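# Inside the fold
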Amino acid sequence: LVWLLVLSLACLGPALGGEEEDGEVVAEEEEEEDEELLSDELEEEDDVLVLHKNNFARALSEHQLLLVEFYAPWCGHCRRLAPAFAQAAAVLKNESNLARLGKVDATAQVALANEFGVTSYPTLKLFRDGNRTHPLAYSGRMDAEGIVRWMRRRAGPSATLLQDTDTAAAFIRSQDLVVVGFFKDLGSEAAQAFSEVAGDLVDMPFGVAEAAELFEAYGLSADTVCLFKKFDEGRTDFPVDPARGLDVSELTQLLRVHSLELVMEFTNETSNQIFGAKIPHHMLLFLNKSAPAQLALRDGFRAAASTFRGKVLFVVVDVAGYGADVLPFFGLTPADAPTLRLVKMENNRKYQMDQDTFSDTAIRAFVQAVLDGKVKPHLLSAEPPEDWDTRPVKVLVGKTFEQVAFDETKNVFVKFYAPWCSHCQEMAAAWEELGERYKDHENIVIAELDATANELENITVIGFPTLHYFPAGPGRKMVEYKSARDVETFSKFLENGGTLPEEPPAVSEVPPPQGQGPPPTLGQPPASAGQ
């Protein structure tokens, strides 16, 4: 998980939402409702239309725009979304009957879930003009304001037509940031692509201009998308390539990147922008804003930022303010400020300097070295409990994982969990029972690792719980377990050598950490002990 997950869990406001899969997606189960009792009448709960297969077509025919949430009653993300979804539904219902929100219990309405390819929860899809063959996937924020903005943008023109210099100047002055597309033909493919981008980026006001006087007023001779902003360089132009035209995904990303300040401060107001920009690396300066000497460090940080625009987002985190809640994720305390960290977002790897140096030259050199793959990630590890290897379930941490999981004399079954994960909590008793069952077994070890406090160089945990089996013998093999989470199935898997008859194992090979030879066997101290 990226550090966004940690922020959302720390109650830092809605982010971009999430999907809950956990192997329980759209189960083929009997519909609980009696089909004979369901009619095509449209009923509501908290201004949200309650939809099923008998009234779905009617709902599409009566509402020009219908945003439908496919949910599961047990899904935590769905439950967290429900109040915001209902609030947005009330706002849209009061504005017009053209744009409405509906919901489908995908575990009961299996036919509808399968028809629309629902594979995780919640899934939101927009149906327009009664068309049920090509719904549009929702791409907005998962909060009430974000949902309302997204629907409003699709209900009306996605961009305001600017007809003369006065209206254009007023539009540009109206917000801190606006986007204007200058096209000599508003019916061109490039102009249509621009309109599509405008429909998605609902947090930015979009205008469009065709008049020759506007091209001249803004110094343009060809089709161009201009980003006007009241910060940094003030204006950024994106000329339309005459041969390639305008690529929707490319323009979307350019606007996301350049709509951000060169150096962002992490706050409640900016967190959605920071993570929504989808910039692959984040360079973080942790400082205490109440300390003037630390504030001065922002100058060198900013000077280094322009070199990496679009590749690395530079962010200032106040350890005494809004950023305090994210410090544990980096293994930091307020006393560690000022300090620097770089995060690779795709796998959550963190990098730090051997010794913090805050000059722009040193920061540039460090960032470039990380991008070039010349810096090893900094891996978090908790301290092992004193009785970690005497419990029925061995308690692993980062610094003891290698010696246990890759002990060639043992078959090791590891649960990677998060303390806050409800699914992990639900299977905790079964895992403890499994540990008791095999605590005296000569070559089977049951273990667990808190993946929020410990990081491993060559194993990335995406969701919780994740279960991996490490068979005895050479080769550093790893088998991912994806079957039922009960003691008897676990035991069958272990007794069968890390596989179940009904499904082949997903076997992979894990390379050793850089510069490290074979790990010691279980019972020996970790290599780092005593250092």
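Scroll up to find the structure this text is about.
Analysis parameters
Residues numbered from 1 in each chain as written. Predicted model: local features only at pLDDT ≥ 70, side-chain atom pairs only at ≥ 80, totals over all residues. Heavy atoms only, no water. Buried < 20%, exposed > 50% of the residue type's maximum accessible area, 1.4 Å probe, protein only. Helix = DSSP H or I, 4+ residues; strand = E, 2+ residues; numbered from the N terminus. Pairing = 2+ DSSP bridges. Salt bridge = Lys/Arg side-chain N within 4 Å of Asp/Glu carboxyl O. Phe/Tyr/Trp six-rings, centres within 6.5 Å; stacked < 30°, edge-to-face > 60°. Axes fitted to C-alpha atoms, helices over the stretch in contact; angles between N-to-C directions. Contact = heavy atoms within 4.5 Å. Core = buried A, V, L, I, M, F, W, Y, C linked by side-chain atoms within 4.5 Å. Parallel < 35°, antiparallel > 145°, perpendicular 65-115°, else oblique. Left-handed = near helix turned anticlockwise from the far one by under 90°. Polar contact = N/O pair within 3.5 Å; in protein donor to acceptor, adjacent residues only side chain to side chain.

### Comments concerning the pairing of strand S4 (residues 99-105)
Most of S4 sits inside the fold, with seven of its seven residues counted as buried. Of the two faces of S4, both are covered, the one formed by Ala99, Leu101, Lys103 and Asp105 as well as the one formed by Arg100, Gly102 and Val104. Of the strand pairs in this sheet, strand S2 (residues 48-50) and S4 are connected by two bridges, and their pairing is parallel. Within S4, the residue paired with Leu49 across the bridge is Gly102.

### What to know about the pattern of salt bridges
Overall, the coordinates contain 32 salt bridges when judged by the stated rule. Between Lys439 and Glu436 there is a salt bridge, with the nearest N and O atoms lying 3.1 Å from each other. The partly exposed category is assigned to Glu436, whose relative accessible area is 42%. Three or more residues are tied together by salt bridges with common partners; here these are Arg141, Asp143, Glu145, Arg149 and Asp203.

### Comments concerning the packing of aromatic side chains
For the coordinates displayed, the defined rule picks out 30 aromatic pairs. Where Phe70 meets Phe116, the ring centres are 5.8 Å apart and the plane angle is 50°; that geometry is what we call tilted. Separated by 46 residues along the polypeptide, Phe70 in strand S3 (residues 65-71) and Phe116 in the loop between helix H4 (110-115) and strand S5 (123-128) bring together distant segments of the chain. In this structure, Phe70 and Phe116 share a single accessibility class: buried. Relative to Phe470, the ring of Phe406 lies with its centre 5.3 Å away and its plane at 80°, an arrangement referred to as edge-to-face. Of this pair, Phe406 sits in the loop between helix H14 (398-405) and strand S18 (411-417) while Phe470 sits in strand S20 (residues 466-470), placing them 64 residues apart in sequence.

### Description of the environment of Glu402
For Glu402, the position within the fold is in helix H14. On the basis of relative accessible area, Glu402 is assigned to the buried category, the value being 15%. In this structure, the C-alpha to C-alpha distance between Glu402 and Leu456, residues 54 residues apart in sequence, is 9.0 Å.

### Focus on the sheet that holds strand S14 (residues 312-318)
Strand order in this open sheet of five strands is S12-S14-S13-S15-S16, and the pairing throughout is mixed. Of all strands in the sheet, those with a lone pairing partner are strand S12 (263-265) and strand S16 (349-351), marking the two edges. Across this sheet, the average inter-strand angle for adjacent strands is 25°, counted without regard to direction. Pairing of S12 with S14 involves three bridges; the strand directions are parallel. Counterpart to Met264 in the pairing with S14 is Val315. Against the sheet, helix H12 (residues 298-305) contacts S12, strand S13 (281-287), S14 and strand S15 (339-344), and its axis sits at roughly 165° relative to S14.

### Overview of the nonpolar core
Among soluble globular proteins, nonpolar side chains are generally buried collectively. Within the largest apolar cluster, 24 residues are counted, with the highest numbers of intra-cluster contacts made by Leu396, Phe401, Val414, Phe416, Phe464 and Phe470. Of all the elements in the fold, those that place two or more residues in this core are strand S17 (394-396), H14, S18 and strand S19 (444-450). Broken down by element, the residue count for this core peaks at four residues, all from S18.

### Re the side chain of His52
With respect to the element layout, His52 can be found in the loop between S2 and helix H2 (56-62). Filtering out sequence-adjacent residues up to four positions away, His52 remains in contact with Leu38, Ser39, Gln109 and Leu112.

### Considering the packing of helix H15 (residues 422-438) against helix H16 (residues 487-495)
At a minimum axis separation of 9 Å, H15 and H16 run at an interaxial angle of 45°. Comparing their axes, H16 and H15 come out oblique. Along this stretch, H15 crosses H16, giving a crossing that reads as right-handed. Of the residues in H16, those in contact with Met427, Ala430, Trp431, Glu433, Leu434, Arg437 and Tyr438 of H15 are Val487, Glu488, Phe490, Ser491, Leu494 and Glu495.

### Some points on the environment of Lys415
Here Lys415 is to be found in strand S18. It is 8.3 Å that separates the C-alpha atoms of Lys415 and Ile446, two residues lying 31 residues apart in sequence. Not counting residues within four places of it along the chain, the set of residues in contact with Lys415 comprises Met427, Ala428, Trp431, Ala447, Glu448, Leu449, Pro465, Thr466 and Leu467. Polar side-chain contacts of Lys415 include one of 3.3 Å to the side chain of Glu448.

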